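# Fold and contact review
Residue-level listing of the chains:
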Amino acid sequence: MVECMTDRHAGRESWAIPWRQFESRLAALAQEFGVGTSSGDLTFSAPARGGLIALKLRRGELRVAGGPWSSESEVTPVEAAQRLCAVLRTWVPHPALITVRAAGVFVNRVAALRLADSGSVGEDAVGHRRYPACDATQVGAVSDEAGERRAALDLVVLDHLRMRCGHGLTPDEDGDLAIEIGGVGMWIRASPDASEILVFRPIAQGVPVTHAAGAEAEAFNRQHVWSRLVRRGQVISHVMEVPADPFSPDLLDQLLLVFAHHHREVRRDLLERWGDSVVG
């Protein structure tokens, strides 16, 4: 396993670019419906955050709703987008990690924001999310085109991490890249359809297949959008999915740091629940 030195401030300026783009898309969408008598909601959430913040449109009037960020009076589309983004940037480092749920007039246009749907993420959290060491028997046959995209993404990620971790970094026999950041070892690979980069580490083994253990893992998965506990037999892995379409080196760098920090917190929490079953 290669120790990787990742600058926690790398790419900070470039992180501002996707936020500006997202703010512009949000303002444009609000402007599109902020006339007449239209009504609808856009409710935003982010991983590991208990709260929600929403843009509410009622008969053509826009308001922001959510704790101390609520606006009592009507706001313009630009003001609404600025206020929402100011909050969301304190929650997550990149807009790709935000999820949104749409209602009313926004349902058919929410795709313009280019965010994950929080409803579908929640429904799919236990049974459908991808996980490490998956193969064609588990996710369905991978087309030749998808295989080519995955191989290309693997090469791009390898080239980037070699710049960060040293040119001695090579894939292991499973095709995974093993690196260490901040004392936390992790493995990295492209997802079968090359839409995500999977970052994972076994966190518990020998955990009995019981209703209580399953309920705890499911509760964790409902709370965290991008970070998952995934069982394979009696081994449970901690998995993070990094958006990779398009691939952003800066986003990967930052989320590897986030994963290392978050893994330590998750491990401490699970030690209290599963004791000696927790590893790494």
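Residues numbered from 1 in each chain as written. Predicted model: local features only at pLDDT ≥ 70, side-chain atom pairs only at ≥ 80, totals over all residues. Heavy atoms only, no water.

We now examine helix α5 (residues 144-165). The end-to-end C-alpha separation of α5 is 31 Å, in line with the 32 Å expected for 22 residues at 1.5 Å each. Among all positions of α5, only Ala-146, Leu-153, Val-157, Leu-158, His-160, Leu-161 and Cys-165 are buried. Residues of α5 that are buried in the fold lie against β1 (2-3), β7 (177-181), β8 (184-190), β9 (196-205) and α7 (249-274). The positive-phi residue at the C-terminal boundary of α5 is Gly-166, with phi of around 115 degrees. (Helix = DSSP H or I, 4+ residues; strand = E, 2+ residues; numbered from the N terminus. Expected span 1.5 Å × (residues − 1). Buried < 20%, exposed > 50% of the residue type's maximum accessible area, 1.4 Å probe, protein only. Contact = heavy atoms within 4.5 Å.)

What follows covers the environment of Val-279. Mapped onto the secondary structure, Val-279 falls in the segment after α7. For Val-279, a relative accessible area of 22% gives the class partly exposed. Separated by 12 residues in sequence, Val-279 and Arg-267 have C-alpha atoms that sit 8.1 Å apart. Non-local contacts of Val-279, meaning those with residues more than four positions away in its chain, are made with Pro-202, Ile-203, Ala-204, Gln-205 and Arg-267.

Right, let's talk about the sheet that holds β1 for a bit. What the six strands build is an open sheet, ordered β1-β7-β8-β9-β11-β10; its pairing is mixed. Every interior strand has two partners, whereas the edge strands, β1 and β10 (227-232), have only one. Helix-sheet contacts for α5 involve β1, β7, β8 and β9, and the interaxial angle to β8 is about 145 degrees. The strands touched by α7 within the sheet are β7, β8, β9, β10 and β11 (235-243), with β11 carrying the most contacts at an inclination of about 155 degrees. (Pairing = 2+ DSSP bridges. Axes fitted to C-alpha atoms, helices over the stretch in contact; angles between N-to-C directions.)

As a further point, take unusual backbone geometry. Even without a glycine there, the phi angle at Ala-194 is positive, about 65 degrees. Looking at the element boundaries, Ala-194 is found in the loop between β8 and β9.

Residues shown with low pLDDT carry predicted positions that ought not to be read at fine detail. Residues at a pLDDT of 70 or more form 79% of the protein chain, whose mean pLDDT is 77. In this model, residues 8-13 is a region of pLDDT below 50 whose contacts with residues beyond four sequence positions or in other chains number six contacts. In the predicted structure, residues 119-142 sits below a pLDDT of 50 and forms 39 contacts with residues beyond four places in sequence or in another chain. (pLDDT = per-residue confidence, 0-100.)

Most of β9 is tucked away, with eight of its 10 residues classed as buried. Across four bridges, the pairing between β8 and β9 is antiparallel. Each residue of the ladder has a partner; that of Arg-189, found in β9, is Leu-198. The turn linking β8 back onto β9 is made up of five residues, and Ala-194 within it adopts a positive phi angle of 65 degrees. Strand direction decides the pairing type here: β9 and β11, joined by nine bridges, are antiparallel. Its bridge partner lying in β11, Pro-202 is registered against Ser-237.

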